[in-house]
Amino acid sequence: MPKIKTSVLIATSFNYIEHLKYKESEKYLLGDWCLQNASNVNIGNDTYFIQKHHWVDSQKYDKDFAYLDSLNERLLLPLSNLLNKYHNVNYSVKYWRIVLGPWLLTFVPTVYDRWETLRVALDSKRLWEYDLFVFDDNKFIPNNFSYYQTQANSHIWNSFIFSQILTFQYSDKVNFNRIEYEGKYPLDSIKETKYSFKYKVINCIDSLLSLLKVNYKVIFVGSYFDFFSLIKLSLKLNQIPRIHSVFTKNISFKKYISNKGRALNLDKFHSENDFEEFVQGMLFSHIPKSYLEGYLQMEHEISKVRCKGSIVFTGNAHLSNDFFNHWCAKMIESGVLLVTSQHGSAFRQSKSLFLHQEKISDKMTVWHHPVESNHVRLSASKLVNSNRNYVDSGDELSVVAFEQQIYVYRAQTGSGAGTLIADYNQKIDFIRKLAENPFQNVKVRAVNRGEGWFNSLSRYKKDLGRDKISNYNSFEEMLSNSKIVVCTYPLTTYLEAMLSGIPTIVLYKKEQWRFSPIFDKLIKTLESNNMIFYDSNSAANHINSVWSNPLEWWDSDSVLKARQMFFDVCGDVDDDWADEWSSFFRNLK
């Protein structure tokens, strides 16, 4: 009988796995995120195995997405009922969807991903060793959803989640080596946002304007219109321009409930499997303070907000700002209309965010062809002031790098956990296959975002050299120096590049992205005109062939038609965009 292999299970970055005593054992890494800090560890001659991510299987992803969408809805109703009872209020499910929906639709898929990652590993026949750090659970209770988002990118928080799952589900399969954790916790390292002098001046003016008792037609919060465009639109609506900066306030909650005091039960939620039982049992030990012990303080802060209106409009505040969401939910309960806006992308992903935005909105303005019944297509708010006259302005081959979290943070397609390295290697291979002239002019626009992120800037700098890194302060400045733009993902920057008029291609891994069927015909047209590539060799060959005179290709009849089709389907900016938008708001009832 063959000897069963002993493996050391490693769940997160080596930086936090400080007790690797098992020199003869295989190191089993749950994902490539474990390698983020590998340079800090002497790997030596040990044997390593990196697990393939479970959502690389597209059929499994589609099945899991449908399940998580359904689970999100099944959890929301009992959660709403419990919080109504807990706070002695009687608000609708829509109210609670606005308040805590962004956290719920992020948290549950995140935990499910960690659950499935461990299930795949523990299903294999091995003897397991695991360094189980003993944490202070109370140190992980976030102040609000924004704090949760920051924390969820950290290796420490992910180690905590993996440990909770292991002790709940696999205590009979794993030999735990318990270690008291004595380091810093992610929430201890969060710093207050630093605002520019320009923003502080605007904020000061906005605060003075808030003293006026004005009933607005539209209350703009995080609108995605640039400052001057917002002024123009506000004047069209005959109202004082405001950004309502009060909602940037960070509220620190005075009341505190330990995890023991958070032992609440969801009535009428019936678990259908072990994962649901686990989530039900740990939901309230992770729910942000803003929804529980901080709720009354949040209500008090909301009562001090001095703005009334008929319509609330936002492009991004509804996705992460708890202060805004509490206020907004109360406004909607009183009969005010909520309009949310598409805040990015070129090709829309199917059922994005479980249609959360569509479910909370009376109308949702979109840049692309409408897909859902409450979609209204208008000029792209973020791009109404964009420059469309960049042609013949530069000589660089600008590569726009993709920066993403290395852990799954919600259910969505695109390059992510388990696929980021393959996606990055495709781009490196493309650059290295360029002919001498285009290669000499390559400039990569990339960033680092710290722990829990891919940190593409460091990678490109290491693999290509510092001289290949773009140092422009803005995307617009990069465009003004570009001869050709290569986008490495089909989202907002691709639309921005196309609007600039500069010859543009997009190169990405086709199997990693899924879009709404309305884009199928367009994508085929772009493929046939050498505007979309999935293969690094084909993309490099195209750039090499057109480099001497890219406009000959870019301004050809078939490509001009394809470019117009792109704008017709994905988004454009009308010359009279302010009239278009103001008319929409005036006619909304």
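See the structure above.
The following paragraphs examine the structure supplied in this document. (Residues numbered from 1 in each chain as written. Predicted model: local features only at pLDDT ≥ 70, side-chain atom pairs only at ≥ 80, totals over all residues. Heavy atoms only, no water.)

So, the packing of helix α6 (residues 227-236) against helix α20 (residues 577-587)
Helix packing for two helices is described by the angle between their axes and how far apart those axes are.
And step 1. At a minimum axis distance of 9 Å, the contact between α6 and α20 shows a crossing angle of 50 degrees. Judged on the interaxial angle alone, α20 and α6 are oblique. For the pair α6 and α20, the sense of crossing is right-handed. Residue-level inspection shows Ser 229, Lys 232, Leu 233 and Lys 236 of α6 in contact with α20, the latter providing Trp 577, Ala 578, Asp 579, Trp 581, Ser 582, Phe 585 and Arg 586.
And step 2. The residue makeup of the contact of α6 with α20, split by class, is five nonpolar, two polar and four charged. (Axes fitted to C-alpha atoms, helices over the stretch in contact; angles between N-to-C directions. Helix = DSSP H or I, 4+ residues; strand = E, 2+ residues; numbered from the N terminus. Parallel < 35°, antiparallel > 145°, perpendicular 65-115°, else oblique. Left-handed = near helix turned anticlockwise from the far one by under 90°. Contact = heavy atoms within 4.5 Å. Nonpolar A, V, L, I, M, F, W, Y, C, P; charged D, E, K, R; others polar.)

Thoughts on the nonpolar core
Side chains of a nonpolar character, in soluble globular proteins, are inclined to be buried together.
And step 1. Within the largest apolar cluster, 186 residues are counted, with the highest numbers of intra-cluster contacts made by Trp 327, Phe 347 and Phe 566.
And step 2. Per-element tally for this core: the top contributor is helix α2 (residues 93-122), with 16 residues.
And step 3. Excluding its chain neighbours within four sequence positions, the residues that come into contact with Phe 566 are Ala 346, Phe 347, Tyr 494, Leu 495, Met 498, Leu 522, Leu 526 and Gly 571. (Core = buried A, V, L, I, M, F, W, Y, C linked by side-chain atoms within 4.5 Å. Buried < 20%, exposed > 50% of the residue type's maximum accessible area, 1.4 Å probe, protein only.)

As for the environment of Phe 176
And step 1. Mapped onto the fold, Phe 176 is located in strand β5 (residues 174-180).
And step 2. Looking at Phe 176, the relative accessible area reads 16%, which means it is buried.
And step 3. Along the backbone, Phe 176 and Ser 163 are 13 residues apart, and their C-alpha atoms lie at a distance of 9.8 Å.
And step 4. The residues touching Phe 176, leaving out its near neighbours within four places in the chain, are Tyr 130, Leu 132, Leu 166, Thr 167, Tyr 170 and Ser 171.

Looking at the sheet that holds strand β8 (residues 337-341)
And step 1. The strand order across the open sheet built from five strands is β6-β7-β8-β9-β10, with neighbouring strands paired in parallel fashion. Two strands lie at the open edges of the sheet, namely β6 (215-221) and β10 (375-377), each paired on one side alone. Across the sheet, the mean angle separating the axes of adjacent strands is 25 degrees when strand polarity is ignored.
And step 2. Two strands pair when backbone bridges link them, and β8 and strand β9 (residues 363-366) are joined in this way by three bridges, in the parallel orientation. For Val 339, the partnering residue across the bridge sits in β9 and is Lys 363. (Pairing = 2+ DSSP bridges.)

Brief notes about the pattern of salt bridges
Here the idea is simple: oppositely charged side chains can pair when their charged atoms come close.
And step 1. Counted under the stated rule, the structure contains 20 salt bridges.
And step 2. Between Arg 114 and Asp 113 there is a salt bridge whose closest N-O contact spans 2.7 Å. The same class applies to Arg 114 as to Asp 113, namely buried.
And step 3. Beyond isolated ion pairs, a larger network of salt bridges with shared partners links Lys 60, Asp 64, Glu 116, Arg 119 and Asp 123. (Salt bridge = Lys/Arg side-chain N within 4 Å of Asp/Glu carboxyl O.)

Focus: the sheet that holds β5
And step 1. Spatially, five strands are ordered β3-β2-β1-β4-β5 in an open sheet, and the strand pairing comes out parallel. Both outer strands of the open sheet, β3 (48-50) and β5, are each paired with one neighbouring strand and no more. Each adjacent strand pair in this sheet contributes to an overall mean axis angle of 25 degrees, direction not counted.
And step 2. Lying over the sheet, α2 contacts β1 (6-10), β2 (26-29), β4 (127-134) and β5, oriented at roughly 170 degrees with respect to β1.
And step 3. Packed on one face of the sheet, helix α4 (residues 155-169) meets β1, β4 and β5 and runs near 125 degrees to β4.

Some words on the packing of aromatic side chains
And step 1. Evaluation of the coordinates by the stated rule reveals 61 aromatic pairs.
And step 2. When the centroid spacing of 5.5 Å and the interplanar angle of 85 degrees are considered together, the rings of Phe 135 and Phe 140 count as edge-to-face. Each member of the pair, Phe 135 as well as Phe 140, carries the same accessibility label: buried.
And step 3. Between Tyr 508 and Tyr 534 the ring centres are 5.3 Å apart and the planes differ by 80 degrees, which places this aromatic pair in the edge-to-face class. Of this pair, Tyr 508 sits in the loop between β14 (504-507) and α16 (520-528) while Tyr 534 sits in the loop between β15 (532-533) and α17 (536-546), placing them 26 residues apart in sequence. (Phe/Tyr/Trp six-rings, centres within 6.5 Å; stacked < 30°, edge-to-face > 60°.)

A look at a nonpolar patch on the surface
And step 1. Taken together, the side chains of Phe 197, Val 201 and Ile 205 present a nonpolar region at the surface, about 320 Å² in accessible area.
And step 2. With respect to the helices and strands, Val 201 occurs in helix α5 (residues 197-209).
And step 3. Judged by its relative accessible area of 36%, Val 201 falls in the partly exposed class. (Patch = residues over 30% accessible without salt bridge, like charges linked within 9 Å, V, L, I, M, F, W, Y side chains within 5 Å. Areas by Shrake-Rupley, 256 points an atom, 1.4 Å probe, with all protein chains shown as cover.)

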